[in-house]
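Here is what each chain is made of, one letter per residue.
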Amino acid sequence: MIKAPWTTAQIENLRKRQAEPTLHSYTCDDCGNDLYPTEQGWECYTDGCNYTQDWAHTSDVTGEFQSLVDFRKHLDSKIDASLEGI
Ligand SMILES: [Zn+2]
């Protein structure tokens, strides 16, 4: 895992990670809402909820998760293509 503070590029990776529908998002331990990344770490979207989290998995911070997502989409498209041939 990588702890905050995070750089602008790392925050952008985490933002993309949260927006990726095929992955379970980082959520608040207190209210269950999604978290958004800031320089100081995760913060909760819910007004009045003060939950923060100062770490994320390394591949999510570095953006490596994206290659796994791309690989999965690649496999899905192969499966779709082979199904069309049946
Ligand atoms: Zn919350």
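Residues numbered from 1 in each chain as written. Predicted model: local features only at pLDDT ≥ 70, side-chain atom pairs only at ≥ 80, totals over all residues.

A. Seen up close, the overall build of the chain. On a plain count of helices and strands, the chain comes out with three helices and five strands. Starting at the N terminus, the α and β elements of the chain follow one another as β-α-β-β-β-β-α-α. Its C-alpha atoms give the chain a radius of gyration of 16 Å, more than 25% over the compact-globule value 12 Å for 86 residues. Each principal axis of the C-alpha distribution contributes one length, and for the chain these read about 55 × 25 × 15 Å. For the chain, long-range pairs separated by at least 24 residues make up 48% of all intrachain contacts whose partners lie at least 6 apart in sequence. (Helix = DSSP H or I, 4+ residues; strand = E, 2+ residues; numbered from the N terminus. Rg over C-alpha atoms; globule rule 2.2 N^0.38 Å. Contact = placed C-beta atoms within 7 Å.)

B. Up close: the sheet that holds strand β4 (residues 52-53). Across the sheet, which stays open at both edges, the three strands sit in the order β2-β3-β4 with antiparallel pairing between neighbours. Among the strands making up the open sheet, the edge pair consists of β2 (35-38) and β4. Note that β2 and strand β3 (residues 41-44) share four bridges and pair antiparallel. In the sheet register, Thr38 faces β3, and the bridge partner there is Gly41. (Pairing = 2+ DSSP bridges.)

C. Local environment of the pairing of β3. Counted along the chain from β2 to the antiparallel partner β3, the turn is two residues long. Two elements, β3 and β4, share two bridges in a ladder whose sense is antiparallel. Across the sheet, Glu43 pairs through a bridge with Thr52, a residue of β4.

D. Helix α1 (residues 8-19), seen in detail. In this model α1 runs 17 Å from its N-terminal to its C-terminal C-alpha over twelve residues, within 8% of the 16 Å that 1.5 Å per residue would give. The set of residues buried in α1 consists of Asn13, Leu14 and Arg17. Burial along α1 is one-sided: seen end-on, the buried residues are contained in an arc of 95 degrees. Away from the buried face of α1 by more than 90 degrees, exposed residues Thr8, Arg15 and Ala19 are located. (Expected span 1.5 Å × (residues − 1). Buried ≥ 20, exposed ≤ 12 C-beta atoms within 10 Å, placed from the backbone. Arc of directions from axis to C-beta.)

E. Representation of the environment of Ser25 within the structure. Among the secondary structure elements, Ser25 is positioned in the loop between α1 and β2. Remark: the alpha-carbon pair of Ser25 and Lys78, spanning 53 residues in sequence, is separated by 26 Å. Those residues in contact with Ser25 that sit more than four places away from it in its chain are Gln18 and Asp34.

F. Just the environment of Gln10, in detail. With respect to the helices, strands and loops of the structure, Gln10 is situated in helix α1. Between the C-alpha atom of Gln10 and that of Ser25, which follows or precedes it by 15 residues, the distance is 16 Å.

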